[in-house]
Amino acid sequence: MDTHVQTDTHAEIREEVRKLCTRFPGEYWRELDARRGYPTEFVQALTEAGWLAALIPEEYGGSGLPLSAAAAILEEIHASGCNAAACHAQMYTMGTVLKHGSPEQKQKYLPKIATGELRLQAFGVTEPTSGTDTTALRTVAKKEGNGKYIVNGQKIWTSRAEHSDLMLLLARTTPRDQVKKKTDGLSTFLVDMKAALGNGLTIRPIRTMMNHNTTEVFFDNMEVPAENLVGEEGKGFRYILDGMNAERMLISGECIGDAKWFINKAVEYSKQRVLFGHPIGKNQGVQFPIAKAYAAMRAAEALLQKGLQKFEAGLPCGEEANMGKMVCADAAWAAAEACLQTHGGFGFAEEYDVERKYRECRLYQVAPISTNLVLSYIGEHVLGMPRSY
C-alpha cells in the first residue's frame, strides 16, 4: 500500500519532490543526526529546484505557487523520510516581507532569497521567560538619532540561526506600560545576521532530542538600520500573526507526510516480519492500530485541505488552521506509536529510521503552537466560551 496515491492535489509537484528526496536516503539523515549536522546538500538541492521559492511571486524570481502547493512540497519531503525543518521557515517568514515589506525591501531581498543567494531561515520571536506569551517579550529595540535601532535582549529556540543570512526579529519598540493594548508597541525587523554576528549578536547552539539546529541568540547593543524595519513601527505583532495560519498549515502538511511515512513503514514491516508461522500483520493487535492511524491521518488531511482552500480563497481560516495543526500532529504521533510498536525492538535501532522520525515528529505536539493553546482558541473563538487566559 502506498499512501502517496491517496492525494491527487499538485500531483506533478509531488512526484518531482519525491524524485529529489530519493537522492537523500536514510543513511544521509542518520549520518547528520550522529554529528548534529545541517543538511546543506539537501537544502541546496531544494533551492536549486526552486521548491523553497514556491511562494515567492514570479516578479521576484519565485514560482508564485499557492499555499497548498507549498504544503504538498513539505508533505512529500516528510513522507519520503527526509526532514524539512532545516528550511521550512523560509516559506512562512518570507510572507511577512512579501505582505508588509516596502517595495525596496522586497526588491532587495526576495530575488536573492529565491535564488538561494540569501537564506531567510531564522525567526526570532520566542524568549526564555515569555514562551508563547509573545506580548510579554523583553527584547527591546530603541531608535537612535542616527537612523538606527539598538537592540538588547535574548531569544530562544531560534532554529537555523547559524545557517541563515537573515533573521525576522520581533522586538518591543514601545514599553508595555505605555501602550493601550499589550499587542501594540512590537515591531518587526530584518536582521543581517552576517553583519551582526560578533557585533552585538551572539549565537549559542542548544542540543535537543532531535537534530533541529536550534539555538538561543543574544543581542547586546546590536545595531539594525532603520530601513530594516518591516512595515510600521509598533504593528509587528499583527504582521507576525498574519503568517501564523500559513505556518500552521505548512507544518500540518509535514505532519501528514510523517504519518504517511510511518504507516507505509509499519505496513511493509508487518508483511515481512514472520512470527509463529505467519506475518505479524495478520494479527489484529498489530493491524488495527495501523488501520486506526491511517483513518485518523485521512481525516486530518481532509481538514487541512479545507483550510488551504479557504486560505487561498481569502476567507477566514483560523479555525481550520488551528484545529488542523492539532489533529495532523495527533495523527502523526498515533502513526509513530503504531510504527514503533509494530517494529518492536528493531524500532529502536537507528538503521530502521523509525526512532529518528519518532523523535522528530514529537515536536509538533508542542510547536509551533501547543495543543492547549489550540484548545483555548477553539473554546473562545469557535465555541464562544469565556477566555481562559
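A quick note: this is a predicted structure, and the numbers were derived from the prediction, not measured. (Residues numbered from 1 in each chain as written. Predicted model: local features only at pLDDT ≥ 70, side-chain atom pairs only at ≥ 80, totals over all residues. Heavy atoms only, no water.)

Trainee: Teacher, can you tell me more about the nonpolar core here?
Mentor: Proteins that are soluble and globular tend to have nonpolar side chains buried together. By size, the foremost hydrophobic cluster in this structure holds 92 residues, and its most contacted members are Phe42 and Ile77. Here this core takes 16 residues from helix α8 (residues 236-272), the largest share from any one element. Excluding its chain neighbours within four sequence positions, the residues that come into contact with Ile77 are Val17, Cys21, Phe42, Leu46, Cys82, Asn83 and Ala84. Among the nonpolar cores identified, the runner-up in size contains 19 residues, and Val151, Ala171, Ala196 and Phe219 belong to it. (Core = buried A, V, L, I, M, F, W, Y, C linked by side-chain atoms within 4.5 Å. Buried < 20%, exposed > 50% of the residue type's maximum accessible area, 1.4 Å probe, protein only. Helix = DSSP H or I, 4+ residues; strand = E, 2+ residues; numbered from the N terminus. Contact = heavy atoms within 4.5 Å.)

Trainee: What is the right way to look at the packing of aromatic side chains in this model?
Mentor: For any pair of aromatic rings, the description rests on two quantities: the centre-to-centre distance and the angle between the ring planes. If you walk through the whole model with that rule in mind, you get 10 aromatic pairs. On the numbers, 5.0 Å between centres and 75 degrees between planes, the contact of Trp29 with Phe42 is edge-to-face. Of the two residues, Trp29 is situated in helix α2 (residues 26-35) and Phe42 in helix α3 (residues 40-48); the sequence distance between them amounts to 13 residues. Comparing Trp29 with Phe42, the two get one shared label, buried. Arranged with centres 6.3 Å apart and planes meeting at 85 degrees, the rings of Tyr269 and Tyr352 form a pair that is edge-to-face. (Phe/Tyr/Trp six-rings, centres within 6.5 Å; stacked < 30°, edge-to-face > 60°.)

Trainee: Whenever I open this one, the pattern of salt bridges confuses me. Can you help?
Mentor: Side-chain pairs of opposite charge can arise whenever the charged atoms involved come near each other. Summed over all chains, the structure comprises 26 salt bridges. Between Lys271 and Glu268 there is a salt bridge whose closest N-O contact spans 3.8 Å. Taken together, the residues span about one helical turn, with Lys271 and Glu268 both in helix α8 at a distance of three residues. Of the residues examined, Lys271 reaches a relative accessible area of 47% and is grouped as partly exposed. (Salt bridge = Lys/Arg side-chain N within 4 Å of Asp/Glu carboxyl O.)

Trainee: How should I be thinking about the side chain of Ser164 in this particular structure?
Mentor: Inspection of the secondary structure assignment puts Ser164 in the loop between β3 (148-156) and β4 (166-172). Residue Ser164 is classed as buried on the basis of its relative accessible area of 1%. A polar contact is formed between the side chain of Ser164 and the backbone nitrogen of Gln121, at a distance of 2.9 Å. Once residues within four sequence positions are removed from consideration, Ser164 is found in contact with Arg119, Leu120, Gln121, Ala122, Met193 and Lys194. (Polar contact = N/O pair within 3.5 Å; in protein donor to acceptor, adjacent residues only side chain to side chain.)

Trainee: Where do I start with helix α11 (residues 354-362) in this structure?
Mentor: Working note: α-helix, 3.6 residues per turn, so residues spaced by three or four point in the same direction. Most of α11 sits inside the fold, with eight of its nine residues counted as buried. Looking only at α11, the buried set comprises Val354, Glu355, Arg356, Lys357, Tyr358, Arg359, Glu360 and Cys361. Residues of α11 that are buried make contact with α2, α4 (67-79), α8 and α10 (318-343).

Trainee: Looking at this model, I keep getting lost on the pairing of β4. Mind explaining?
Mentor: Walk down a regular strand and you will see the side chains alternate between the two sheet faces. A large share of β4 lies buried, amounting to seven of its seven residues. By the alternation rule, side chains of β4 split into Leu166, Leu168, Leu170 and Arg172 and Met167, Leu169 and Ala171, which are all buried. As defined by bridge partners, strand β1 (residues 120-124) adjoins β4 across four bridges and the pair is classed as parallel. Along β4, the bridge assignment pairs Phe123 with Leu168. Sheet topology places β4 next to strand β5 (residues 186-192); seven bridges connect them, and they run antiparallel. Following the sheet pairing, Leu166 is matched in β5 by Asp192. (Pairing = 2+ DSSP bridges.)

Trainee: Can you walk me through the UniProt feature "domain: Acyl-CoA dehydrogenase/oxidase C-terminal" (unreviewed entry) in the chain in this structure?
Mentor: Taken from the UniProt record, the annotation "domain: Acyl-CoA dehydrogenase/oxidase C-terminal" (unreviewed entry) applies to residues 234-367. Across residues 234-367 one finds 75% helix and 3% strand; the C-alpha atoms that close the span lie 26 Å apart. (UniProt positions renumbered as here; feature names shortened; annotations may be inferred.)

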